[in-house]
Amino acid sequence: MRNIVAGNWKCHKLMNEASAWMADMNDMMANLQGVEVMVAAPAPYLGVLAPLAGRVGLLAQNVGSNPAGAHTGEFTAAMLKSCGVTGSLVGHSERRARFGDTEEAVAAKVDALLGEGLDVIFCCGETLQERQGGRAEDVVFRQLESGVLRLGADVLSKVVVAYEPVWAIGTGQTATSAQAQEMHAAIRGWMSQAWGEEAARNVPVLYGGSCKASNASELFSQRDINGGLIGGASLTPQDFWGVIEGHPSAH
Ligand code: PEP
């Protein structure tokens, strides 16, 4: 099983700050074992960061789904690969809510990444209104169904799922470990139905939503939580290291 702690810088940092973070992070994790560390950096920095990434897996935060062509402002999965990027987030709730990433668009981005052999960190999660309306599992299932459950077993080694309840992202209001585990167990169950139990066990499911050093250890100790996708607490290497150290498999 892959244990992963991935950062998401969103639209933060300037180039020099990003390079310094990469150097500091590599120093801190020089002896780290048991957990893979990744970071999703702003697109303009990816080509510069790739040779500095060292042991940090370098992710994009988004990708275009069209092949190369007349698509001003877009970039392709092949372009990411040519920069040394290892994969991308797809379907982050901020993109779904603010940038028109529909389920169809998200599915096309998944396919574009897999077509280039890149990792897909597939984000899913319900809003507060959906949770309060008792529809959290339906919503997350529907997102997974159109995004990844349709995929064949041959590409599963490239797939990571990140469950991120929208109401917990950037709000300081973390899901309790019981709430998170309950959804992660449901996700594991749907993956088992789609791909069989063993294959489903090997697809990492990360928790995201106001995860930080003080709550990481409890969240990551849950049976079906294999690590985290971390926004605010990934911005400084010190905070991020605190989260990584909270993983029970980190040594
Ligand atoms: C995220 O953006 O994926 C996220 C989990 O953010 P935060 O940790 O800041 O809630």
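Scroll up a little and you will see the structure.
In this text the structure is predicted, and so the values were computed from the model without any measurement.

Draft legend 1. Main features of the pairing of strand S3 (residues 56–60). For S3, a buried count of 5 out of 5 residues is recorded, marking the element as mostly surrounded by other parts of the structure. Side chains Val56, Leu58 and Ala60 of S3 all project onto a buried face; the interleaved residues Gly57 and Leu59 project onto the opposite face, where all are buried too. Bridge count between strand S2 (residues 36–40) and S3: 4 bridges; the pairing is parallel. Its bridge partner being in S3, methionine 38 is matched across the sheet by glycine 57. For the crossover that starts at S3, traverses helix H3 (residues 77–83) and ends in the parallel strand S4 (residues 87–90), the hand is right-handed.

Draft legend 2. Molecular detail of the site of the ligand. Looking at the ligand, there are 14 residues lining it, with Lys10, Glu164, Gly170, Ser210 and Gly231 nearest. Asparagine 8 is positioned such that a nitrogen or oxygen atom in its side chain is 3.3 Å from an oxygen atom of the ligand. For the ligand, whose accessible area on its own is 290 Å², the fraction buried by protein is 95%. Considering only residue class, the shell around the ligand consists of 4 nonpolar, 8 polar and 2 charged.

Draft legend 3. Highlighting the side chain of asparagine 62. Following the sequence through the fold, asparagine 62 ends up in the loop between S3 and H3. Within the local environment of asparagine 62, its side chain forms a polar contact with the side chain of lysine 109, the two groups lying 2.8 Å apart. Not counting residues up to four positions away in its chain, the partners in contact with asparagine 62 are Phe75, Leu80, Ser88, Leu89, Arg95, Asp101 and Lys109.

Draft legend 4. Region of the structure containing helix H10 (residues 213–220). Asn215, Ala216, Leu219 and Phe220 are the residues of H10 that are buried. Taken down its axis, H10 places every buried residue within 125° of arc, on the same side. Looking at the buried positions of H10, the neighbouring elements they touch are strand S1 (4–8), helix H8 (177–195), strand S7 (205–208), strand S8 (227–230) and helix H11 (237–245).

Draft legend 5. View of the pattern of salt bridges. Scanning all chains against the criterion turns up 13 salt bridges. Aspartate 224 is paired through a salt bridge with arginine 188; the nearest N and O atoms lie 3.1 Å apart. Of this pair, aspartate 224 sits in the loop between H10 and S8 while arginine 188 sits in helix H8; the two residues are 36 residues apart in sequence, bridging distant segments of the chain. In terms of burial, aspartate 224 and arginine 188 fall into one category: buried.

Draft legend 6. Here's a closer look at helix H1 (residues 15–28). Over its 14 residues, H1 extends 20 Å from the first C-alpha to the last, a length consistent with the 20 Å expected when each residue adds 1.5 Å. Residues of H1 that are buried include every one of Ala18, Ser19, Trp21, Met22, Met25 and Asn26, and no others. Buried residues of H1, seen end-on, are gathered within an arc of 155° and therefore sit on one face of the element. Relative to its buried face, H1 has exposed residues pointing more than 90 degrees away, namely Asn16 and Asp27. In this structure, the buried side of H1 is in contact with S2, helix H2 (46–49), S3 and H11.

Draft legend 7. Quick peek at the packing of aromatic side chains. Per the stated rule, a full pass over the model turns up 3 aromatic pairs. Their ring planes at 35° and their centres at 5.7 Å tell us that tryptophan 21 and phenylalanine 240 sit as a pair that is tilted. Of the two residues, tryptophan 21 is situated in helix H1 and phenylalanine 240 in helix H11; the sequence distance between them amounts to 219 residues. Summarising the burial analysis for this pair, tryptophan 21 and phenylalanine 240 share the class buried.

About the thresholds
Residues numbered from 1 in each chain as written. Predicted model: local features only at pLDDT ≥ 70, side-chain atom pairs only at ≥ 80, totals over all residues. Heavy atoms only, no water. Buried < 20%, exposed > 50% of the residue type's maximum accessible area, 1.4 Å probe, protein only. Helix = DSSP H or I, 4+ residues; strand = E, 2+ residues; numbered from the N terminus. Pairing = 2+ DSSP bridges. Right-handed = clockwise from strand over helix to strand, strands pointing away. Near = heavy atom within 4 Å. Polar contact = N/O pair within 3.5 Å; in protein donor to acceptor, adjacent residues only side chain to side chain. Areas by Shrake-Rupley, 256 points an atom, 1.4 Å probe, with all protein chains shown as cover. Nonpolar A, V, L, I, M, F, W, Y, C, P; charged D, E, K, R; others polar. Contact = heavy atoms within 4.5 Å. Arc of directions from axis to C-beta. Salt bridge = Lys/Arg side-chain N within 4 Å of Asp/Glu carboxyl O. Expected span 1.5 Å × (residues − 1). Phe/Tyr/Trp six-rings, centres within 6.5 Å; stacked < 30°, edge-to-face > 60°.

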